[in-house]
Each structure stands twice: as structure tokens, then as C-alpha cells.
Amino acid sequence: MKAIINQPKDKISTTQTAVAVSSIIIGAAILTMARPAARIMNSPDIWLSVIFGGLISIILGIILVKLSQRFPCKTFFQFNQIIIGKLPGRVLSIITIIYYIILSGFEIRMLSELVHIYLLIRTPMEIVMITFICVGTYLTVGGINSIVRVFELYLPVVILLLFGIMLLGLQHFELDNLRPVLGKGFINVIKGIQATILIYVGFEIMMMLTAFMKEPKKAVKAVIVGIGIPILLYTIISIIVIGVLTVDEAKTLAWPTASLVNYIEYSGGFIENFQIFFLIVWILTIYTTFVSFHYMASLGMGQVFNKDFTVFTYVSNPIIYIIALLPQNLDEVFKLGDLIGYMGIFIAGIVPVLLFIIAVIRKKGRKRKGWENDGIDT
Amino acid sequence: MMELTRKFLLLNILFIIITCILTGCWDRVELEELLIVVGLAFDCSEEADSIIITQQYVNPKGIGGGEKGGTTQKSPYANIIVKGCNVSDVLEKSKNMEGRRPNYEHLKLIIISEDAARAFNMYKLLNAILRHPETPRNTNILISEGKARSFFEITPNTEDVPVFKMLMISSNSKFKSRIPPTLKLGDISKSMAGGKSFTVQRLVMRDGIESPLDTMVTDTAPGKGDIYEINGAAVIRGDTYTLAGWLNEKETNGLNWITGKTESGVVEIKDKGTGQIIVYEAHKVKSKIIPIVSRDGKVPGNNIVPQEDISFTVECKIDGTIIEDWLMTANAFEEGFIEKVELSVQKEVFCIVEETLNKVQKELKTDIAGFGKQLNIKYPKVWEKVKDNWEEIFSDIPVNIKVETYVRDYGRQGSKK
């Protein structure tokens, strides 16, 4: 009976899928995204790199949706065994699970770092982490339906507040800070993509979500909309951050976007400090990201070991906590972030493309035409 | 039965865990226990080897609706003066001197004395403030002639706390002539990170305070009143981050007209025949810095752009009003009068701008008006070649000035007769 629980019996709508993809992508990167790109590019064209990075993510997203569509109602953890065989498939699944667990730990650490700096200075970081993991676990064990419903609730709030805060930031905006456009040439923009593509990591979740969709045919639409929202949001943030802070300063700041919010001042208004709103939004985004990664890790383990995933949700908690504690200082946290980004490129970029090619060559799975009359068969 | 004991045990464990977590709030902040610091003044010691920082904090009991008379009222503000070898040293020491915990979330103003700005690298000096998690980025910065802390000790007539008064003078700089735009901590951080020179508003004791009428000294309290003002600008070099020199009121106006970051500026001209004064006030300034690179920066056989190839044109268009004239025959209704005034104003503005540029380029050797930025925008490739010692190169670059001034208005009275 237990095996049935792991079968994706829950179904989510196309809108919910798009919302889930957006919520997962929008995460810790909001705060730091301008700095790594600024350090590499040294020119104000960061926003162009952000757009191009997003477009590349959309292409990758479409590829991995096409891949998942060949295997209806099967998640990545299940169909990779069909494509490359049982043992290699399991190894690949375990690598992916490890990646998701590290990612969850990283999100927890980023959250506690920022809360430590801006909100709860004396509260031990461990307490923040444990509390957050507990709250996350509460949602994770609820399964995909409850997770996605919460995302639906949060995403409009996040987008609205972020746009609002960015609008307020316009008071210090100077167009000259964004000029010259393409001053260092187009090559520089391409170079910047290596930093900006990392902020879109998370869309590979479509390899699992497609299996849960009511109408898997519309998965391409969902992934385009799902990545499109973060592209829009990230482009606006990068334009305003650079327009307000200049590239030169964005390079020097630990949390450029937080500094931007710190800059906002409307004297006479009854609110002087807008940072609190920003932090609320940011914690929400971290929460959604954490929960989905945590869920994916648990689901993966559940499907690999053929057990109920909720057990693994609890089992992975201490590991996540330990990973969150591993970095010794802020620099190591950022380095871990980069490492995860590259792992993400491997899992979201290279693996699906290879699997897709192998699947086509070995004629595994079904082609798109077979959708209409298919039931569930394996 | 077994089930019940197990539940009981679990419940107990849960309670123990909960009590461990909920020991209380670590970050409890009681409003009454906070010392709200609103101003910092940086001075250096006689030998310029250590820093003296004056922190001004507000005493809420002294502000506003406190009952007057009867018992002595508390002063609405107080200063702590601490000496130390670096900024955080001072901030740490001050914790041992005050019972309440200093809080910098409402830091409004930082004054740096002339000596400190000359002796210390300002980027280093402000580093502790820029790192501090509490300090807002919109703290105003001023540079004072003379000791910075002395300005904190003058009780203003109109405000409760000295810092608030200075803040009000320094803000809305767009509509005040003779001062550069208000500079915030964030702006300073931007400029310094980019290695750009910048101007800071100058805080200065007024000279020529002769009579009580002038100082508005009230009864017996000396050092009270409006004995200081903010005018002119301090120029900070972008490469050494130290004070390079001052711009006086006229030059500051000139600079504002070049950058266009103002909507004000008063020009005083003299009528040709009679030598009588006519005063013109700008109310709209539009200016443009146009970089010109001849031969497009391409010199055959040479990779370095010769600085002769670069030049700039400053176009400045000012709309304004005649706000005062001492000329008895002046008649704005008459044809030709306005044109005459416009012409003389144009000449005067031209002179001021030229004088300013001369000082900025030749004497101070800084690029505070952002010429480099415009070159960067228009000729990014040329900029890459000259940016490393731009300010040195800039000092020899010719700048053409084009001034257009218009009299749009002459107030409520057009002529005297």
C-alpha cells in the first residue's frame, strides 16, 4: 500500500504549476543578485545579463518539460531509471536529492544570516534555523497540494510588496548610473550570464511538477509563465539597484538590495523604515523556496526507497540543520551559494539535455502524439 | 494504558523542549532603555593621531510639551565626547559611559571637521558607520570649518535639538542658492566606491556678527542662536578621499549651474551706465555636459588617446526672474530692457561658471561636476583609456561654456515711475 502514497495522485492546475515555479525561483537571490554580476561585469549592463540568463532558463525549462512529458505521471526520480537503467538512475536520483538537501540548508542559513544582521541581533542563529525548519516541515508533510495552495496565497503578496518597495526606491534613481548601455560590449553581457543564471536555479522542479499536473500538455506554458515572472521581477530589481546604488557600490555591498531599501526615506510619513516590509517579503520567498526543496528531497527519497515521503521529511531535517551550520562565515555562505548554483546548472541544464537525447535515441517514453488517448501505464 | 503513558511521556518531553526554546526574547528592546543618537561629529586631536567623536542624543523628556516653570527642565539634548583611536573604539567606549544602549537607527547628521577631513581618509573614517547594521543610508553629511563638536553645543532658537536645525538648513538644497545638493551617507558611499570626487555642504560660523540683533542672543545664554550657516562646498578628492579645498558661495552657484542640480541661484549685475544693482534669481536651470572627441579617439599608430582630442561643452540654460533693482529708470514694460538684463546676466553667469571651472580644474584638479561620467556614457572606449588618471588629464582639457539666460518674469512691479 505504501507504494501508492508515493504515486503522484495529487493533481495541480496549470496556474498552480506556474505559481509554484515562480515561488521557487524567487528566493534568496533577491538580496544579493546584483553583486556577483557587478563583480564579473563591472558595467551597468547587469539587467541585460539578467534577461538573457532568464531566457536561457526558459529554454532549459522547455527541454526538461519535454523530457518529463515523455513519461506521464512519472517524476524525474522514476523516469531516469527507465532511461538509463536502474542503478545509474538511482545514483542520479541520489545526487539530485543531495543537491536539494544542500540547497535547503543553504536557504536556511541565508535566512538566519539576514535575520541575525537586521532583525534579531542577539537571538542565536540556531534558534531561528530550528524554528524555521519546524515551520517548513509542517507545510512539507502536507504534500504538494497544500504546498502549492500556500504558494498561491503568498506569490501575489510577494510581487505586490516587492514592486511597491522598488517603486519607492525610484526617488534616488538616476538614469545616468545605468549608462553607458553596452559600454563594454556584448561579450561582457554574455560573461555576466554565468552569474545571473544562478538566480534562476529552481526551475528544474518542473521535472517533478509535470507529473502532478492535471493537464501535462500545458506544462510548457506553465514553465514559460513561471520563469517569466521572476525574469520581470529580477530585471526590475537589477535596474533599480544599479540605478540607485551604481555598479561601483553594488560591488562593495554584502546585501545590495537591502542597502537600497535602507536608502528609502519619506520623511513626514508615519513609516520611516521600509526595511521591515522588505524583510517580510524576503522571509516569505525563502519559506516558499525552502519548502519546495525540502519537499523535493523527501519525495525523491520516498520514491527511490519506495516508502512514504513524510518519514524522510523528518529524517532529512537534522541533515539540513547541520548543513546550514557548516559555513564558518558569510564568505563561505556565499561560496556555498555559488557551488549550489553550479550543481544546479548540472542538474537543471546538463542532465535533462543528456537524458532527453538518450531517451530519444533509445526510444524510451512516448512522443507527444500519444497524449490524447493515454491512461497511466508503465 | 500503555498508550496513555506514552502520550504522557511525549507531552512531557514536548514541554521540556518548549520551555528551553521559550526562555524569553533575546532581542527585547525597551524604548525607555534606548539612547537615540541623532548626530555624530568627527574631530581629530591636536596631533591628528586620534579621533574625537561627539555623539548627540535626544532626551525625549526635554522635547515638546514638557511643563515649563517650577522645577528645572531637562535639556532636550546632550552630547557625549569620547576620544579613541578608531571609530568603533569610540562607539564601544561610549557604551561604558551611558546607562542606556546607544541606538543609531535615527542617526540624522554627521559633521566632519575640516582638520579631520584633511588628516584622515574619509572612506576609512566612515567605514565603521557604513558597516554598522543600524545606521540609515540617508544620514546627512556636512563638513565644518573649525571644530565640528562646537556646532553641537549651540542651542538653536527655533528647534529643540541642534542636529535638527542643521538638518533643516541642509535639506531642500535645490531651492537654496549657494549650497551644493544635500549629501547623504549613501551618496558618499557611492562616490567613494567609484573613486569619484564630490562636494559636501560646508558648515561655517558666520563672520561679522556684530550686534545682538544679528545673533539674536537671548537674555543671558551666550552661544545661543543663529551664529552658524551652511554655505559653500567642501571638495573631497576621489583618489585620496581627503579634503582638497573649498568652493565659496559664488563658485558653488557656478557648480550647481554646471551640474543643473539646482533650481536656484542669485546673480547680481550692475547697470552699465549708472552702476546700480539689478538682482536676478534663477528658478529653472537646465544644463548639459557634452563630451567631444575629435577623430573619434582613433589615432593611427597610437593606442593612447591624446588629451588634445577630448573637449567638453557645457550648455546651461537658465530661466529666472528679476527680483530686485536699484535702478530708478528701470522699466520692464519698455522694449529692450529685458534683453539688456538677459545679456548682462548671461555675461555674469558665464564669468562665474568660467571662474568655477578654472578653480575646479586648475587649482583643485578634481572632476566634481561629473564630466568623466558623461565621457564614459558617450565614448566608453575612450573612457577606458583615460579613466585611470582621469582627474590629472581633466585638468588640461578645454571646456567651452555656452550660457543662455532668460528673464521670464519681473515680479509684481515692472517700473518705478
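These figures come from a predicted structure and were not determined experimentally.

Engineer: Even after reading the chapter, I still don't get the overall build of chain A, so can you show me in this structure?
Structural biologist: A tally of regular secondary structure across chain A gives 16 helices and 0 strands. Computed over C-alpha atoms, the radius of gyration of chain A comes to 21 Å, within 12% of the 21 Å expected from 2.2 N^0.38 for 378 residues, which places it in the range of a compact globule. C-alpha atoms of chain A, sized along the principal axes, occupy 65 × 45 × 35 Å. Taking all 378 residues of chain A together, 58% fall into the buried category. Look at the contacts in chain A between residues 6 or more apart in sequence, and 84% of them connect residues 24 or more apart. Approximately 15100 Å² of chain A is accessible, and the part contributed by carbon and sulfur atoms is 68%. On chain A, the mean spot of the 30 positive side-chain charges and the mean spot of the 21 negative ones are 15 Å from each other.

Engineer: Just checking my understanding: could you explain unusual backbone geometry for this structure?
Structural biologist: Apart from glycine, the bulk of residues carry a negative phi angle, and the bulk of peptide bonds sit in the trans form. The omega torsion across Arg179 of chain A and Pro180 of chain A is 0°, close enough to zero to call that bond cis. With respect to the secondary-structure elements, Pro180 of chain A resides in the loop between α9 (143-169) and α10 (186-196). Notably, Asn306 of chain A is not glycine yet its phi reads approximately 60°, a positive angle. By secondary structure assignment, the location of Asn306 of chain A is in the loop between α14 (275-305) and α15 (309-325). In this model, Arg178 of chain B sits at a positive phi of 75°, which is unusual for a non-glycine residue. One can find Arg178 of chain B in the loop between α6 (162-170) and α7 (185-193).

Engineer: Whenever I open this one, a positive patch on the surface confuses me. Can you help?
Structural biologist: Residues Lys284, Lys286, Lys288, Lys317 and Lys378 of chain B make up a contiguous surface patch of positive charge. Residue contributions to the positive patch peak at 3 residues, all from strand β11 (residues 277-293) of chain B.

Engineer: Help me understand the interface of chain B and chain A in this model?
Structural biologist: Many structure descriptions define interface size as the accessible area lost when the parts assemble. Each side of the interface is counted separately: chain B has 27 residues, and chain A has 29 residues. Taking both partners together, chain B and chain A bury about 2400 Å²; carbon and sulfur atoms supply 48% of that area. Ranking the residues of chain B by area buried against chain A places Trp26, Arg137 and Lys190 of chain B at the top, with a combined share of 28%. Inspection of the chain B/chain A interface yields 2 salt bridges. For Glu249 of chain A, the salt bridge is made with Arg137 of chain B, and the minimal N-O distance between the two is 2.8 Å. At the boundary of chain B and chain A, one finds 9 residue pairs in polar contact (both at pLDDT 80 or more). Here the element with the most residues in the side of chain B that touches chain A is α7 of chain B; it accounts for 5 residues. Residues of the side of chain B that touches chain A, tallied by class, amount to 7 nonpolar, 8 polar and 12 charged.

Engineer: I keep staring at the pairing of strand β1 (residues 34-44) of chain B and nothing clicks. Help me out?
Structural biologist: Successive residues of a regular strand alternate their side chains across the two faces of the sheet. Residues and elements named next belong to chain B. For β1, the tally of buried residues reaches 10 of 11 residues, placing the bulk of the element in the interior. Note: β1 against strand β4 (residues 101-103), 3 bridges, orientation parallel. Its bridge partner being in β4, Leu35 is matched across the sheet by Pro102. Bridge analysis of β1 against strand β2 (residues 51-58) gives 7 bridges, and the strand direction is antiparallel. The partner of Gly39 across the bridge, within β2, is Gln56. Between β1 and β2, which pair antiparallel in sequence order, lie 6 residues; one of them, Ala48, sits at a positive phi of approximately 60°. Relative to strand β5 (residues 109-113), β1 runs parallel, the two being bridged by 4 bridges. What sits directly across from Phe42, in β5, is Ile112.

What counts as what
- The numbers attached to residues start from 1 for each chain and follow its sequence in the written order.
- Throughout, the order in which chains and ligands are written sets their labels, letters from A for the former and numbers from 1 for the latter.
- It should be noted that, the model being predicted, local features are given only for residues of pLDDT at least 70 and side-chain atom pairs only at 80 or more, the latter also being counted only at that level, while totals for whole chains, interfaces and linings use all residues.
- Calculation of side-chain values draws on the structure's entire complement of heavy atoms; hydrogens and water are dropped beforehand.
- In DSSP terms, a helix is any run of H or I states spanning at least four residues, a strand is any run of E spanning at least two, and both are numbered starting from the N terminus.
- Every radius of gyration here is taken over C-alpha atoms, with the globule rule written as 2.2 Å times N^0.38, N being the number of residues.
- Relative accessibility thresholds used throughout: buried, under 20% of the residue-type maximum; exposed, over 50%; partly exposed, between the two (1.4 Å probe, protein chains only).
- Whether two residues are in contact is decided by their heavy atoms: any pair within 4.5 Å suffices.
- In short, Shrake-Rupley with a 1.4 Å probe defines the accessible areas, and a residue's cover is counted only from the protein chains shown.
- Counted charges follow a simple rule, with Lys and Arg positive, Asp and Glu negative, and His plus the chain ends left uncounted.
- Charge coordinates come from a single atom per side chain, which is NZ of Lys, CZ of Arg, CG of Asp or CD of Glu.
- Without a salt bridge and with relative accessible area above 30%, a residue can belong to a patch; like charges are then joined within 9 Å and nonpolar side chains (Val, Leu, Ile, Met, Phe, Trp, Tyr) within 5 Å.
- Within this document, salt bridges are pairs made up of a side-chain nitrogen of Lys or Arg and a carboxyl oxygen of Asp or Glu, the two lying within 4 Å of each other.
- Throughout, the accessible surface (probe 1.4 Å) given up by two parts as they are put together, summed over both, is called the buried area.
- Counted as a polar contact is a pair of N or O atoms within 3.5 Å, where, for protein atoms, one must be capable of donating a hydrogen and the other of accepting one, and residues adjacent in sequence contribute only when both atoms are in side chains.
- Ten residue types, Ala, Val, Leu, Ile, Met, Phe, Trp, Tyr, Cys and Pro, are classed as nonpolar, four, Asp, Glu, Lys and Arg, as charged, and the remainder, Gly among them, as polar.
- DSSP-based pairing: two strands are paired if at least 2 bridges between them are found.

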